[in-house]
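The residues making up each chain are set out below.
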Amino acid sequence: MPVLPGAEPFRHEGGEVGVLLCHGFTGSPQSLRPWADFLAERGLTVELPLLPGHGTRWQDMQLTGWQDWYAEVDRALRDLSSRCSQVFVFGLSMGGALALRLAAKHGDAVSGIVVVNPANKVHGVAAHALPVVRHFVRSTKGIASDIAKEGSAEVGYDRVPLHSAHALRNLFRLVDRELPQVTQPMLLLHSPQDHVVPPADSARILSRVSSTDVTEILLEQSYHVATLDHDAERIFEESYAFIGRLAPSVGKKGSTTGG
């Protein structure tokens, strides 16, 4: 299947500090592309992969599970680590959960994590019915484009495949158990008005990780896809400052430029 326009993966070969960006459930790299461009323009090496089953049509996603999505970001992290002296992992929504799992599993290979409206749980009564209902109902209405900014849209599916939603629930349960293994510096940014992931998910993550260097920022002007919303520039600037604090070479002229 051809990839939806704008949903293509992105990579930029920059300097010795790398950033891996993980997009969300039923979304695509398009939701993080402005962020990736911002970092690339500042000389960082950037990887923004397209997760399996995403960026084409929702029926393709039915055939994938969390193991496939995680395997892709794990591969990207290993690749970045082989080329960079320091690597940071960023994520939006489910991408935040994937970022947290990478941090838990890879330890010192991840220098820091930045998560935006990270998801931790499939909420509602329907979540408990997923194991059974997914065999009878293929999909439900989509969750893409929860954005306050007029004229801004997310390239994502208009349906949520229920087999994939069940896989997502299993991923969240796994990551929740692994959160105490997360020790890296963390910047967590979340929207009080989010119609996809409630603030409770961010609170849960903050209470469970073992990181001692933690910064929490509220995105008052944005909904769920804050990277395409009114607070996007703030996310980009804060995340770049976060890297600069932990990777002193960043921001110094000539230190992160490259091919």
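The structure displayed is predicted, hence computed values, not measured ones.

Caption draft 1: Region of interest: the overall build of the protein. Check the secondary structure of the protein and you find eight helices and nine strands. Relative to the 2.2 N^0.38 estimate, which gives 18 Å for 259 residues, the radius of gyration of the protein is 17 Å and therefore close to what a compact globule would have. Along the first, second and third principal axes, the C-alpha set of the protein runs to 55 × 40 × 35 Å. Counting across all 259 residues of the protein, residues that qualify as buried make up 56%. Within the protein, contacts between residues separated by at least 24 positions form 77% of all contacts whose residues are at least 6 apart in sequence. Computing the positive centroid from 24 side-chain charges and the negative centroid from 28, the protein places the two 7 Å apart.

Caption draft 2: View of the nonpolar core. Core analysis: the largest hydrophobic core is formed by 46 residues, its most contacted members being Leu 20, Val 89 and Leu 100. Residue contacts for Val 89: discarding those within four places in its chain leaves Leu 20, Cys 22, Leu 77, Ala 99, Leu 102, Val 110, Gly 112, Ile 113 and Val 114. In terms of nonpolar packing, the next biggest core, distinct from the first, is built from 34 residues, Leu 44, Phe 88, Phe 242 and Ile 243 among them.

Caption draft 3: Representation of the packing of aromatic side chains. A full pass over the atoms with the stated rule returns six aromatic pairs. Ring plane angle 65 degrees and centroid distance 5.9 Å describe the contact between Phe 25 and Trp 69, whose orientation is recorded as edge-to-face. Taken together, the residues Phe 25 in the loop between strand 2 (17–22) and helix 1 (33–41) and Trp 69 in helix 3 (residues 66–83) connect sequence positions 44 residues apart. You can call Trp 69 buried: its relative accessible area is 0%. Taking the centre distance of 6.2 Å and the plane angle of 75 degrees together, the rings of Phe 88 and Phe 242 count as edge-to-face. With Phe 88 in strand 4 (residues 86–92) and Phe 242 in helix 8 (residues 232–246), this residue pair connects regions lying 154 residues apart in the sequence. The exposure class assigned to Phe 88 is buried, which follows from its relative accessible area of 0%.

Caption draft 4: Representation of the pattern of salt bridges within the structure. Evaluation of the coordinates by the stated rule reveals 16 salt bridges. For the salt bridge of Glu 178 with Lys 105, the shortest nitrogen-to-oxygen distance reads 3.6 Å. A residue pair is termed long-range when its members are at least 10 positions apart, and Glu 178 in helix 6 (residues 162–178) and Lys 105 in helix 4 (residues 94–106) qualify at 73 residues. Of the residues examined, Glu 178 reaches a relative accessible area of 7% and is grouped as buried. Through salt bridges with shared partners, one network takes in Arg 11, Glu 13, Glu 47, Asp 79 and Arg 83.

Caption draft 5: How the structure looks around the pairing of strand 4. Most of strand 4 sits inside the fold, with six of its seven residues counted as buried. Sheet topology places strand 2 next to strand 4; six bridges connect them, and they run parallel. Along strand 4, the bridge assignment pairs Leu 21 with Phe 90. Sheet analysis places strand 4 next to strand 5 (residues 112–116), joined by five bridges and oriented parallel. Opposite Phe 88, over in strand 5, you have Gly 112 as the bridge partner.

What counts as what
Residues numbered from 1 in each chain as written. Predicted model: local features only at pLDDT ≥ 70, side-chain atom pairs only at ≥ 80, totals over all residues. Heavy atoms only, no water. Helix = DSSP H or I, 4+ residues; strand = E, 2+ residues; numbered from the N terminus. Rg over C-alpha atoms; globule rule 2.2 N^0.38 Å. Buried < 20%, exposed > 50% of the residue type's maximum accessible area, 1.4 Å probe, protein only. Contact = heavy atoms within 4.5 Å. Lys, Arg positive; Asp, Glu negative; His and termini not counted. Charge placed at Lys NZ, Arg CZ, Asp CG, Glu CD. Core = buried A, V, L, I, M, F, W, Y, C linked by side-chain atoms within 4.5 Å. Phe/Tyr/Trp six-rings, centres within 6.5 Å; stacked < 30°, edge-to-face > 60°. Salt bridge = Lys/Arg side-chain N within 4 Å of Asp/Glu carboxyl O. Pairing = 2+ DSSP bridges.

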